[in-house]
Amino acid sequence: MKPTEDIIDYYDELTEIRVIGACEHNLKNVSLVVPRDKFIVITGLSGSGKSSLAFDTLYAEGQRRYVECLSPYARQFLGMMKKPDVEIIEGLSPAISIEQKSISHNPRSTVGTVTEIYDYLRLLFSKVGTQFCIDCNVPVIQKTFDLIIEDIFKSYSNSKIQILAPLVRGRKGHYRELFELLMKQGFTRVRIDGEITQLTEGMQLSRYKIHDIELVIDRTIVDIEHHHRISESSELALSRGEGVMSIIVEHKSGATIEKLYSIHYTCPSCGKSYEPLAPNMFSFNSPYGACQTCDGIGEVFDLSLDLMIPDKSKSLIDGAVEYMGPKDNSVLWNQVASFAEKNKIDLSLPFEKLSEEHKNLLLWGSNQEIEMQHKFGTSSSVSYSHKYIGIINY
């Protein structure tokens, strides 16, 4: 910060904030220049005016000027701060402040979420962002309705398809009124969270869970006889889905594939379609924007086999797995022993000498059902079937 006598003569509005005659609260006609784009710490005794300068002068004026630039309609939703007691402040930008409070240990709480800038940035990116194909790294373009119909007949000729229109994506609610309206309009089926379901009277979903709802428009065969029908159904799907539709292709083998079509954005190289940008695509708290590896947390918790099995020269029976210990009559050990016997795995071998296949089966489990018999003392036992989920998942 520059001395008071240099304030009037020296000032660069691009790199500095100039304050002249600040008298807010216990400030006594303070003048200074604060560097911009720097991390500034204000220190001093209690009552020396640190908060009065930072919050009640600099932040208050920056926020006030920002709010004054908004429309009268937007201003009514924001608290208007009073003009601080200062002669001149120049070089200010819109300002934010974070209240002093106990530190949140929630990894989803960041400076962006606390100050709500995160919500504005998500909205900004969804409105002005340029979407690129994730495979070809080229900007996507809009695809016409005729090109969509042409692609369906070219790619899936003589295949059975279902045409769907997305209605709800990643939102909570029971949607009882939506289902009633669809039934009145003559529709009979919807796909809810990946499952195709018949519409029934009084149908509703769990209100506090996130849902995806798609309307099943039609089910038909892709051939020239059904060209008009497919065109009409696709047009209706795009209309109900706000420019987005999907088809489920049913192969004779029973396998199905799903293809998304959009009149909004399509890759010109590979033809892959993309949904319009939406704020939840930029949210690490939403399954549509969060990293699929860490689920938006920013950290990945993994298991160390070296800590779990520190001595790989030991066998499982002798206690190679640290938390299991040597073989005993516990439920876990009975399950491991039964599974090993069924798959002909020798638990007396040192762990390092087991085959990779046997190691993976023991550690990660399989879909096999195993017959279990657990003894209670010497008098009684219980038999039951159990899916073996593996040592790691216990």
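Look up a bit, the structure's there.
Criteria and cut-off values
Residues numbered from 1 in each chain as written. Predicted model: local features only at pLDDT ≥ 70, side-chain atom pairs only at ≥ 80, totals over all residues. Heavy atoms only, no water. Core = buried A, V, L, I, M, F, W, Y, C linked by side-chain atoms within 4.5 Å. Buried < 20%, exposed > 50% of the residue type's maximum accessible area, 1.4 Å probe, protein only. Helix = DSSP H or I, 4+ residues; strand = E, 2+ residues; numbered from the N terminus. Contact = heavy atoms within 4.5 Å. 1 Å grid on protein atoms, 1.4 Å probe; cavity = no way out; pocket = protein on both sides within 12 Å on 5 of 7 lines; lining within 4 Å. Points joined across faces, edges and corners; volume = space filled by probe spheres on them. Nonpolar A, V, L, I, M, F, W, Y, C, P; charged D, E, K, R; others polar. Pairing = 2+ DSSP bridges. Axes fitted to C-alpha atoms, helices over the stretch in contact; angles between N-to-C directions. Disulfide = S-S within 2.5 Å.

1. Here's the deal with the nonpolar core
Alright, step 1. With 29 residues, the main nonpolar core has Ile-152, Ile-163, Phe-179, Val-190, Met-245 and Ile-247 as its most contacted residues.
Alright, step 2. Listing elements by their share of this core, those giving two or more residues are α5 (145–155), β4 (160–172), α6 (176–184), β5 (189–192), β7 (210–221), α7 (227–240) and β8 (244–250).
Alright, step 3. In this structure Ile-247 touches Ile-152, Tyr-156, Gln-162, Ile-163, Ile-257, Glu-258, Lys-259 and Tyr-261, once residues within four positions along its chain are discounted.
Alright, step 4. Leu-316, Leu-332, Tyr-388 and Ile-391 belong to the second-largest nonpolar core, a separate cluster that totals 22 residues.

2. Focus: the layout of surface pockets
Alright, step 1. Considering only enclosed or pocket space, the largest pocket measures out at about 1,600 Å³ in volume.
Alright, step 2. Considering the residues around the largest pocket, the lining is formed by 40 residues, among which Tyr-59, Ala-95, Ile-96, Ser-97 and Ile-98 are closest to the centre.
Alright, step 3. Elements that contribute at least two residues to the lining of the largest pocket include exactly β2 (30–35), α1 (50–68), α3 (111–115) and α4 (117–128).
Alright, step 4. Looking at the lining of the largest pocket, the element that brings in the most residues is α1, giving 10 residues.
Alright, step 5. In the lining of the largest pocket, the residues fall into 26 nonpolar, seven polar and seven charged.

3. A short note on the sheet that holds β5
Alright, step 1. If you trace the six strands from one edge of the open sheet to the other, you get β6-β5-β7-β4-β8-β9, paired in antiparallel fashion. In the strand order of this sheet, the two ends are held by β6 (195–198) and β9 (256–262), each with one partner. This sheet shows a mean twist of 30° between the axes of neighbouring strands, independent of strand direction.
Alright, step 2. The sheet contact formed by β5 and β7 spans three bridges and is antiparallel. What sits directly across from Ile-192, in β7, is Ile-213.
Alright, step 3. Of the strands in this sheet, β4, β7 and β8 touch α7, which is tilted by about 165° from β7.

4. Things to note about the state of the cysteines
Alright, step 1. The tally for this structure, following the rule as stated, stands at zero disulfides.
Alright, step 2. As a non-bridged cysteine, Cys-267 has Cys-133 as the owner of its nearest cysteine sulfur, 3.6 Å distant.

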